[in-house]
Every structure is written in C-alpha cells, then in structure tokens.
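Secondary and tertiary structure notes
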Amino acid sequence: MLRFTEMCTPNACPCKFFNCLGFTPLREILPKLPRFIPENGLEILDKEKAVSFLESTSEKGYVHSIWAGPLPAIVAVCSCDLPTCGAIRLRTDFDINACWKGHYVATVNLDKCIQCGNCNDICQFDALSYDPNKGPRIDLEKCYGCSNCAEMCLENAIQLVERDSIPITRGKY
Ligand code: SF4
Ligand code: SF4
C-alpha cells in the first residue's frame, strides 16, 4: 500500500517538465533545484489532494511509476507517457532495466467485451492490439500492467491479474 507522508508535492520532472508527485525525502532537495519547481511553486498536498492529482493524470492516460531512493523511501510517483519518459524508454528501446514492470498484467474477458473500441490505441507499450471484428488482444509479455486499458473499459471486460499467477509472465518484471 502506498503511504502518504507529511510532504507530498507536485514537482516538474526532468523528462517532460510535467508535474510528478514528490514525497518527504525530496523536501530538503527540491527547493534547491529550481528546474524542478513548477511555475506556480511547490504546493504541499494532503492525502485527498494527492489522490485527486493522481486520478487526474490517470484520466489523461499517463503511466504511473514509483521511484525509490534512498531505499526504502518512495521519493516520487511519476505520471508520464511514451516516448517522453526517459526511464521507460531505456527499458523499451534499449532493454536497460531502469524501471520494472508492474505486479499485474491485463487480461480480456471476451464474454463481457462488446467491441466498442474504447481500449483501442490506449496502450503505450504496444501490448494491446484491436481488431474491429475480434475485439482486443493483449500480448502478456509486452504488458506492463499500467491498467490504462482496464480504466477505459466501461464493461469491466479487462481485468488485472497477478503477474506471477500466469506461467509465461511469472517473475518477469
Ligand atoms: S495494462 Fe493494458 S494499457 Fe497497460 S501495458 Fe498492459 S495492455 Fe497496455
Ligand atoms: S473497452 Fe472493453 S468492451 Fe470496449 S473493446 Fe475494449 S475490452 Fe471490449
């Protein structure tokens, strides 16, 4: 479970100059790094505002990543996309494990799918392909478990399942 600490502030990330969510360990550091301070300054968020912030970035289709360091502290939750996110691109384009896949993968229940096409083009990892005649198909080995496709499905036809519960994705983070 993600725990919100005393400081939770949107800050500008180096890749996109987009607002990420920084946590307490950055409290001392961020004010000394003007490049990462948004134009309207640093704002301290309470838990409700932090959740609302993350929900608003989810609605835009961004992918969330959790950043740790010094371990075990979580220092930031980033919301970004491809091809902007430097960490994800290191992984997808150069096979360098700068970030890890999520604990889940997405699966489609075709019995619930009405082939509305809402999930078409939502996947930033090229894991979901959509055929107007057959509906969506998910390549589990490409899926990062970001949940964006599941969020798009109003029929609840896409669900996240534990990565380790499926033989071909078990242990592959
Ligand atoms: S959860 Fe869906 S959108 Fe995210 S990587 Fe997997 S298939 Fe793509
Ligand atoms: S959004 Fe849901 S119902 Fe629509 S095509 Fe995708 S899986 Fe099927």
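Description of the structure in this document. (Residues numbered from 1 in each chain as written. Chains lettered and ligands numbered in written order. Predicted model: local features only at pLDDT ≥ 70, side-chain atom pairs only at ≥ 80, totals over all residues. Heavy atoms only, no water.)

Quick look at the pattern of salt bridges now. When the charged atoms of two side chains with opposite charge come close together, those side chains can pair. All told, the structure shown has three salt bridges when counted by the stated rule. The salt bridge partner of aspartate 126 is lysine 142, with a shortest N-O separation of 3.4 Å. One end of the pair, aspartate 126, is in the loop between strand 5 (104-108) and strand 6 (128-131); the other, lysine 142, is in the loop between strand 7 (135-138) and helix 3 (148-152), and 16 residues separate them in sequence. Take aspartate 126: its relative accessible area is 56%, and that puts it in the exposed class. Linking glutamate 141 and lysine 172 is a salt bridge whose minimum nitrogen-to-oxygen distance equals 3.7 Å. (Salt bridge = Lys/Arg side-chain N within 4 Å of Asp/Glu carboxyl O. Helix = DSSP H or I, 4+ residues; strand = E, 2+ residues; numbered from the N terminus. Buried < 20%, exposed > 50% of the residue type's maximum accessible area, 1.4 Å probe, protein only.)

With that out of the way, let us pick up the side chain of threonine 169. For threonine 169, the location among the structural elements is in the segment after strand 8 (158-162). Judged by relative accessible area, which is 1%, threonine 169 ranks as buried.

What follows is about the packing of aromatic side chains. A complete count under the given rule lists one aromatic pair for this structure. Ring geometry for phenylalanine 125 and tyrosine 144: centres 4.1 Å apart, planes at 10°, overall stacked. Placement of the pair is phenylalanine 125 in the loop between strand 5 and strand 6 and tyrosine 144 in the loop between strand 7 and helix 3, with a sequence separation of 19 residues. Judged by relative accessible area, phenylalanine 125 falls into the buried class, the value being 8%. Judged by relative accessible area, which is 13%, tyrosine 144 ranks as buried. Here lysine 101 stacks its cationic end above the ring of tyrosine 144, 5.3 Å away from the centre of that ring. Positioned above the aromatic ring of tyrosine 173 is the side chain of arginine 163, whose terminal nitrogen or guanidinium carbon lies 5.7 Å from the ring centre. (Phe/Tyr/Trp six-rings, centres within 6.5 Å; stacked < 30°, edge-to-face > 60°. Lys NZ or Arg CZ within 6 Å of the ring centre and 35° of its normal.)

On to the environment of cysteine 143, then. Counting through the fold element by element, cysteine 143 comes out in the loop between strand 7 and helix 3. A relative accessible area of 7% means that cysteine 143 is categorised as buried. Distance from cysteine 143 to cysteine 123, taken between C-alpha atoms, is 8.7 Å for residues 20 residues apart in sequence. Those residues within four positions of cysteine 143 in sequence are excluded, and the remaining contacts are Lys101, Val105, Ala106, Ala127, Ile138 and Arg163. (Contact = heavy atoms within 4.5 Å.)

The subject of this paragraph is the pairing of strand 7. Residues in a regular strand point their side chains to alternate faces of the sheet. Looking at chain direction, strand 6 and strand 7 are connected through four bridges and run antiparallel. Along strand 7, the bridge assignment pairs leucine 128 with isoleucine 138. (Pairing = 2+ DSSP bridges.)

With that settled, consider the site of ligand 2. Of all residues adjacent to ligand 2, which total 13 residues, the nearest are Cys113, Cys116, Gly117, Cys119 and Cys153. The class makeup of the residues in the shell around ligand 2 is nine nonpolar, three polar and one charged. (Near = heavy atom within 4 Å. Nonpolar A, V, L, I, M, F, W, Y, C, P; charged D, E, K, R; others polar.)

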